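One letter stands for each residue in the lines below.
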Amino acid sequence: MKDEILLNVVGLKVYFYTRAGVVRAVDGVNFNVRQKETLGLIGESGSGKSVTCLSILRIVPNPGKIISGKILYKGEDLLEKDESEMLNIRGKEIAMIFQDPATSLDPLFTIGDQLAEVIRLHRKVDKKEAEKLAIELLQTVGIPDAESKIRNYPWELSGGMRQRIAIARALACKPRLLLADEPTTNLDVTIQAQILDFLKELKEKFGMTLVLVSHDMGVVYEMADRVAVLYAGRTCEIADKNTIFREAKHPYTEALITSVPRIGVRRESLKVIPGEVPDLVNPPSGCRFHPRCKYAEPICRKEQPPLIDLGGGHLVACHLYK
Amino acid sequence: MHVISTSSKVNNSEHLIEVKGLVKYFPVLSRGIIRTKRIGWVHAVDNVSFHIDEGETLGLVGESGCGKTTLARTILYLIPPTSGTVYFDGENVFEVFKSGDKSKIMELRRKMQILFQNPYTFLDPRMTVKEILSEPFEVHGVLDKEKITDAVFKLLDMVGLEPYHADRYPHEFSGGQRRRISIARALALEPKFLILDEPVASLDMSIRSQILKLLIKLQQEKKLTYLCISHDLNSILHVSDRVAVMYLGKFVEIADVETIFKKPAHPYTKALISAVPVIDPKTGRERIILQGEVPSAINPPKGCRFHPRCPHTKDICKKREPQLVEIEKGHLCACHLVSG
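Cut-offs applied
Residues numbered from 1 in each chain as written. Chains lettered and ligands numbered in written order. Predicted model: local features only at pLDDT ≥ 70, side-chain atom pairs only at ≥ 80, totals over all residues. Helix = DSSP H or I, 4+ residues; strand = E, 2+ residues; numbered from the N terminus. Rg over C-alpha atoms; globule rule 2.2 N^0.38 Å. Contact = placed C-beta atoms within 7 Å. Nonpolar A, V, L, I, M, F, W, Y, C, P; charged D, E, K, R; others polar. Buried ≥ 20, exposed ≤ 12 C-beta atoms within 10 Å, placed from the backbone. Pairing = 2+ DSSP bridges. Right-handed = clockwise from strand over helix to strand, strands pointing away.

1. Points about the overall build of chain B
Reasoning step 1: Summing up its helical and strand segments, chain B has 13 helices and 12 strands in all.
Reasoning step 2: Relative to the compact-globule value of 20 Å for 340 residues, chain B shows a C-alpha radius of gyration of 21 Å, a close match.
Reasoning step 3: Dimensions of chain B along its principal axes, counting C-alpha atoms only, are 70 × 60 × 55 Å.
Reasoning step 4: For chain B, the proportion of contacts with a sequence separation of at least 24, taken over those separated by at least 6, is 62%.

The following block contains the structure:
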C-alpha cells in the first residue's frame, strides 16, 4: 500500500508570458509521490517549487500557462479535468498551505468565516454546524480558546497562530494530499519546531500524504522520506532522504549540502557555490547548472541531460552519469 | 606620563566594546482627544551587560521581538538609551554623543558601523552604486574628491563586484549583490567595529555561504570586531567565537560557541538549539518543543521571564529574577536551577 503512487508529475512545463519575455519557470519537472509518504521538494528561489504546487491544483496565476506535461493523481490526469471537476478536488482531495499566511488569509473576514467557507463548499451543513466544525478544527491545530478565536481577524494573531489557521483551513475537508509551501519560513525556530512536530502528528492521525516545499535543508532532512531537488525549473535529482544527504550524485545537490552553514562544522570548511541563480528568461543552454558547476564539460553546455535511473529509485539528471 | 583616570569617561579594560547595564524602554502611548497618555513601557532591552574583545565575533541570537536590533541600535546611539553605559576602546560612547562635539562624534561614527538588516530599503534607489559608496567619504570629508573614485573601485573589488557595476542602480542587482554593496559601504571608512544585523536573512542558501565567507575573509584581513545578530542559528554559530542568547530583553546565557552548542545550560538555550533542524543528527538528540509563544515585552512575566514556557519551572522562578552568574570560566547563565 505504501509504495502505491498517489501523484505523478511528468514533464511539467509552465511558462509565464511577461513583457520582459517568456519566463520558463517550470521547464521539465518530474517526480512522483507515494501514498502516505512525505516528499521534500527542495530548491532555491526561482527553482519552480511553488509554481509546481500551484500547477497541481491548476491555480497558476496569469500570465502563467501550463504548456505541457501530465499531472496524474490516482492515475487520472488533472490537466484534462474541467473546472467543475477541479472544484471537487481542490480542498477535498488535494489542499495547499500557502507560503505566507499573512497574505493568504483574507484580512476582511474573521477566522471563523474563512474556515466555515471551506467547510460549506464541500459539505452540506448549515452555518451553525459549520461554525461548530470550525471550532473543532481550531482545537485540532492546537489553538487555545478556540470559541473566541473564531471571532478574531487574521491580523490580530501572531505569525505562528496564523500558520496554524492556514493549516486548519487546508485540513478542513481532510484532504488525502497536502501541499505545504514553505510552511515555516517566516517563523522563529521554536515556533517552527512546534509546527513541524504538529504536521508530523497530523500526518499520522489522518493518514495524509505530504509534499513539503522548502529551501531549508535541515527542515527537509527532518521531515521527508524522499527528496526531489529542483534547479531553475528542472528536476535534477530524486532519491530517498539518506541517499540524497549522504550520497548525492548531482553536483548541485552535493554543493547545496556542503554549502549550508551548520552547527559544529568548522568555519574554514564551508563550501561556496559560485555565481547566481540563473535568469529564467534567458536560461543557460544545455544543463542549467553548468555555469556554476565545477565538473562542467563541453557537452553540458549543449545538451540537456535526461533524468536517468541509477537504480533503487535514485534518479539524476547529469551528463556525468550515463 | 601615564595618568589613571578615575572619571567614568575612561574605562581601563582591554575589551574593545564594553556594555554595562544597558536599558532601553519604549513608551506605550494611548492617544486621546486632548492629550496623549503613557500607559506602559516596552522593555525592549533590560539591563544587559557584556563585552567584545578586539578581533572577536560575538553572536547574538534570540527570537523575533526579543530586542536584538534595539540593542544594536542603542549601542551605536542611533536611538538614545534609557540608561546604562557603553565603552568603545575605553571611551564612553553615550557621553561623546551627548557632548555634541561634532568632530568626536564623527570619529566614533567612522569607527563603529552597522550593516543594516534589509538591503532593499536601505540602499537609495535613485543613487548609483558609485554615489552610494562615495557618500561616506563625502560626509566625513576624509578623502580628496579625485581620490574618491579610486576608493570606490577598491571597495567594489574588495567585496567581489566589478568596476562596471559602479554606474548601476540598486534595483539592477540581485539580493546577494546588494548585500555586497551594503558591506562595501559599511566598511568604506575602515571601522574597527561592525554590527551585522541579520547579514544573511532573505538570501538564497547558495548565496548565504558566499556572504558569510566574504564577511569572515574581511574580518581576518581588516582585523574587524563583529557583533553578529541573527535568528538563523546555523549561520550565526558558524561565524561566532562566543554567543549571547537573548530572551525578552535580557541575556540568559553567554558562552563560547562550542559550549553553547554542545552543553548549553539555560533551558531556553537548550530548547533553541534543539529546535534547529539539522542534517544528519548523529547525536540522536531529543527535540525540546516549547509550548506557547514569546510573551509581550510590555508586561514581561514576573520572576524569570522564561518561566511560563520553561519545562522545569519551580516556585522560585515565578518570584525572583535570576541573575547572570558565571557557572564556569567564561560561561554565564541566568537560571535558578543552574546557579542553585
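2. Quick word on the interface of chain A and chain B
Reasoning step 1: Across the contact, 35 residues belong to chain A and 33 residues belong to chain B.
Reasoning step 2: Looking at the side of chain A that touches chain B, the elements with two or more residues in it are helix H8 (189–206), helix H9 (217–223) and helix H11 (251–258) of chain A.
Reasoning step 3: Split into classes, the residues belonging to the side of chain A that touches chain B amount to 16 nonpolar, 10 polar and nine charged.

3. What to know about the pairing of strand S7 (residues 193–197) of chain B
Residues and elements named next belong to chain B.
Reasoning step 1: Among the five residues that make up S7, four are buried, leaving the element largely enclosed by the rest of the structure.
Reasoning step 2: Direction of pairing for strand S6 (residues 112–115) relative to S7: parallel, over a ladder of four bridges. Counterpart to Leu115 in the pairing with S7 is Leu196.
Reasoning step 3: What joins S7 to strand S8 (residues 225–230) is helix H8 (residues 205–222), and the crossover it makes is right-handed.

4. With respect to the environment of Lys68(B)
All names here are of chain B.
Reasoning step 1: Along the polypeptide, Lys68 turns up in helix H1 (residues 68–75).
Reasoning step 2: Judged by local crowding, Lys68 falls into the buried class, with 24 C-beta atoms found within 10 Å.
Reasoning step 3: Along the backbone, Lys68 and Val245 are 177 residues apart, and their C-alpha atoms lie at a distance of 9.6 Å.
Reasoning step 4: In contact with Lys68, other than residues within four places in its own chain, are Leu60, Gly62, Ile229 and Met246.

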